[in-house]
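Coordinates in review
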Amino acid sequence: MALQAAALVPSTFSVPKEGKSGASFKDSSLFGVSLSDHIKADFTSSALRCKREFNHRIGAVRAQTTATATPAITRSTVDGKKTLRKGSVIITGASSGLGLATAKALAETGKWHVIMACRDFLKAERAAKSAGMSKENYTIMHLDLASLDSVRQFVDSYKRSGRPLDVLVCNAAVYQPTAKEPTFTAEGFELSVGTNHLGHFLLSRLLLDDLEQSDYPSKRLIIVGSITGNTNTLAGNVPPKANLGDLRGLAGGLNGLNSSAMIDGGDFDGAKA
């Protein structure tokens, strides 16, 4: 009905163009009745009031849009922002070789605090000093992977420190290629398997929840291996080849008493262990 009424009064009033504030009326009639000055004034007042209400609503909508959009942008910015704190990395066997080189490289960036998890505290301290590592970028903690009790104590101490964990590097290993007889861990496992594999497995398992809770963008668990255990490499094809067999030695406890000290159940070979 509104559209129909407007069509009936094309000459009654003209709608002002954008930017103009008033409405102009012609001295015309509707159904033979002239518009009085009083009605004209009423129309003018209504038009101005409508415009003020329109502008007020537009302003309110714009203000509401701004208020709604701002938190969204803020949340997006916060969610996408990388943490500014130093990363915390545990490196086992960090007192020599690849472990020390990794600890030194990370500490020198100033973006990481390195926890050097080592069996020999004094050796690790000397190695860090010799490598020129700044004391504020590393901490030495005792860890003997040949003892599962030591692994548990290390994890307990680390958790109580309140420090977050962002990266765990399982690097430590023992290798006794010339050994004729096996040696054993505190729990009675063959030393190579107990240190290189079982100790690291327990360490990783106990710290896995801490890694998952990390908010660091590059959190990860790294297991360092040897190409001698990879038969796709030249070194891996040099006898004796690594071989797990049917795991009968592992099933027997790897203690050399009731079964072989080797995982495959064969005779002990230090270069293969």
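Our structure's up above, just so we're on the same page.
Structure report, in brief. Note that the structure is predicted; figures quoted are calculated from it, not measured.

1. Observations concerning the sheet that holds strand S8 (residues 167–170)
Spatially, S7-S6-S5-S8-S9 is the arrangement adopted by the 5 strands of the open sheet, whose pairing is parallel. At either margin of the open sheet sits one strand with a lone partner, and together these are strand S7 (138–142) and strand S9 (220–223). Put simply, the sheet's adjacent strands are angled 15 degrees from each other on average, direction ignored. Pairing of strand S6 (residues 112–118) with S7 involves 5 bridges; the strand directions are parallel. Paired with Ala 117 across the strands is Met 141, a residue of S7.

2. Let's talk about the environment of His 142
Within the secondary structure, His 142 is located in strand S7. Given a relative accessible area of 45%, His 142 falls into the partly exposed group. Engagement of the side chain of His 142 in a polar contact is seen with the backbone oxygen of Arg 119, the distance being 3.4 Å.

3. Points about the pairing of S6
Within S6, 7 of the 7 residues are buried, which leaves it mostly tucked inside the rest of the structure. Where strand S5 (residues 87–92) and S6 come together, 6 bridges link them in parallel fashion. The residue of S6 that forms the bridge with Ile 90 is Ile 115. Handedness of the crossover joining S5 and S6 through helix H3 (residues 97–109) is recorded here as right-handed. As for the winding sense of the linkage, the β-α-β connection from S6 through helix H4 (residues 121–130) to S7 is right-handed.

Analysis parameters
- Residues numbered from 1 in each chain as written.
- Predicted model: local features only at pLDDT ≥ 70, side-chain atom pairs only at ≥ 80, totals over all residues.
- Heavy atoms only, no water.
- Pairing = 2+ DSSP bridges.
- Helix = DSSP H or I, 4+ residues; strand = E, 2+ residues; numbered from the N terminus.
- Axes fitted to C-alpha atoms, helices over the stretch in contact; angles between N-to-C directions.
- Buried < 20%, exposed > 50% of the residue type's maximum accessible area, 1.4 Å probe, protein only.
- Polar contact = N/O pair within 3.5 Å; in protein donor to acceptor, adjacent residues only side chain to side chain.
- Right-handed = clockwise from strand over helix to strand, strands pointing away.

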